[in-house]
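A structural walkthrough
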Amino acid sequence: MEFDILVIGGGHAGAEAAWTASRLGCATALVTLDPSRIAQMSCNPAIGGLAKGQMVREIDALGGLMGIAIDNTGIQFRMLNSSKGPAVWGPRAQADKYKYASEVQRLLATCPNLTIIPGEVVEILTSDKSVRGVRLGDGAELTCRAVIVTTGTFLRGLMHTGEARSTGGRFGEPAANYLSDSLRALGLELGRLKTGTPPRLHRDSIDFSSLELQPGDENPMPFSYLNEYPGPGESRSCWRPPLKQLPCHISSTNQQVHEIIRANLHRAPMYSGQIQSVGPRYCPSIEDKVVRFAEKTEHHIFLEPEGLDTPEIYCNGISTSLPADVQEKIVPLIRGLEKAKFIRYGYAIEYDMVWPHQIHSTLETRTTRGLFLAGQINGTSGYEEAAGQGLVAAVNAAQYVARGECSFVLRRDQAYIGVMIDDLITKPPVEPYRMFTSRAEHRLLLRNDNADLRLTPIGREIGLVDDQRWAGFQRRQSSVELGMRLLRELRVDGTPAGDYLRKQGVSWDDLAAKLPQLASIDAHSGQEIEIQVKYDGYIQRQGRMVEKLMHLENKLIPQDIDYSRVAGLRNEAKQKFMKMAPRSLGQALRISGITPADVTVLQIHIEHHR
């Protein structure tokens, strides 16, 4: 069987990669252990959040899959940080996790060039350091020109609940135990990381009346721009989620719970020495929280429904690998959970990954041409981080198949996805990487509202944005341009409309109520105009900062450069440059431990040897 691109793994990175590669016209195969579990939500049944929501909007703006799927299957939509400035607004949605996976599978079934193959890839086959195919566990060989590895937590996955251990990629599924050896044979240095998940409780056993209610937004915002753009001739857009909306509830731990956890730390794999790998700092287990934040008397627990037709409640905030008997002791001590029944205990999982200093900004490995890595294998955590990498890897794999080289790279000032990939390469994670707004120095430019204005023209250029999306984008662009022109032309009580909108407490809706001429501007375009007007000075300041830095970003470093021959370069800088292989002088400057003087020496060397 011959393909252009073969995707290994059917998680969120794999699904996005398969969608992208096939829609770019490549004959694509997605090989996964169990096709019925494609896009399974292994942990939190939610998409988006702070910075993560921005990435989902970026994926959608480029023509990706995730935003469409969550809009069709979300059961609660909320805009986080809405009381703060627009740079940190983060859309988030609870999903019906079973309907979400089914929806992704349905959407993948619409891809004309995609074949889904059940099986386990045990070896990547190469010739002259270039990919030529893969071998499956049953001995079958598939020929391809590019491979995208998106194995998630399945590479030699080992699950822990207290002293009990079992192999598996996640609950109820086997691990992939052979591909790690193949990656090592290709010259890649592997590491090991850890993540975890909380217990699931039965909905009917929880006393919700004693808990704080957390409803969704009254007027929810969609993730996909396809649900935001007004149709031809429409002046307003009004979207409602297709599924019934459910609330979440909030409880908290207490001192009694913390005391039991402390008394049983010797049975927690992270503290007993049973787990040697590093877990996520910013999504710690409850035992980590109790140890690291000993002064806190309680930690919030968010009780989140996992779907409309399932009794499973996800206990967000008490991820744990403590033994089952300890979990059974602490859960009934939590308000509302006094009679809670377990559906599944929490557990931790260790898995293999590849240290990401070994990949280019295109996500192609430096050891093997045509071999791309995306998702948790690069050291990230989270569905959104994985999906963003899956899209970038697939675009570059398609370019590689078409012309033997690839160049699709999103800059730090263009997308959170670009920030993430640049961080992975210049500051390889020692713990699972999670995206935050604080990681983006240009976050006022990278808002969730303007992802399409930033990225949809790029998606159109690479061939991923179809005619329907492009027409909607052009209508929105025209609406924003019309609104900005009207603000320059119209006045309110003698005051230019733009100046009136800048006043504190004045919203776009307030202005539109006074100026009937603005009735043709749809609500989402109006919000974009309001943000541009109110934050114009800050946006221009960040724009000037980007322009100053751009000369370094545009100076690409020759791939065949011999750093050992760069006169005047410190030995430490030579070693780091050889290890990281930065793409540009700008990326070189962001490597930890590199000084501006190092980059100046490197720049002089490059210009002298042109």
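Everything below is about the structure shown above.
Residues numbered from 1 in each chain as written. Predicted model: local features only at pLDDT ≥ 70, side-chain atom pairs only at ≥ 80, totals over all residues. Heavy atoms only, no water.

Moving on: unusual backbone geometry. Backbone geometry places Asp-128, a non-glycine residue, at a positive phi of 50°. Along the chain, Asp-128 falls in the loop between strand 7 (121-127) and strand 8 (130-136). Phi at Ala-581 is positive, roughly 50°, even though this residue is not glycine. Secondary-structure assignment places Ala-581 in the loop between helix 18 (571-580) and helix 19 (585-589). (Helix = DSSP H or I, 4+ residues; strand = E, 2+ residues; numbered from the N terminus.)

Once that is clear, we can look at the packing of helix 13 (residues 467-489) against helix 16 (residues 523-534). Orientation of helix 13 relative to helix 16, taken along the N-to-C sense of each, is 50°, at an axis distance of 9 Å. Relative to helix 16, helix 13 is oriented oblique. Of the two elements, helix 13 crosses helix 16, and the hand of that crossing is right-handed. Taking contact as the criterion, the partners of Arg-476, Ser-479, Val-480, Gly-483, Met-484 and Leu-487 in helix 13 are, on helix 16, His-524, Ser-525, Glu-528, Ile-529, Gln-532 and Val-533. Residues that form the contact of helix 13 with helix 16 fall into these classes: five nonpolar, five polar and two charged. (Axes fitted to C-alpha atoms, helices over the stretch in contact; angles between N-to-C directions. Parallel < 35°, antiparallel > 145°, perpendicular 65-115°, else oblique. Left-handed = near helix turned anticlockwise from the far one by under 90°. Contact = heavy atoms within 4.5 Å. Nonpolar A, V, L, I, M, F, W, Y, C, P; charged D, E, K, R; others polar.)

Right, let's talk about the sheet that holds strand 20 (residues 347-354) for a bit. In spatial order, the strands read 12-11-20-13; together these four strands make up an open sheet with antiparallel pairing. Looking at strand neighbours, the two that pair on one side only are strand 12 (164-167) and strand 13 (190-197), the edges of this open sheet. Geometrically, the sheet is characterised by an average inter-axis angle of 25° between neighbouring strands, direction not taken into account. Here strand 13 pairs with strand 20 via eight bridges, running antiparallel. Its bridge partner being in strand 20, Leu-193 is matched across the sheet by Tyr-351. (Pairing = 2+ DSSP bridges.)

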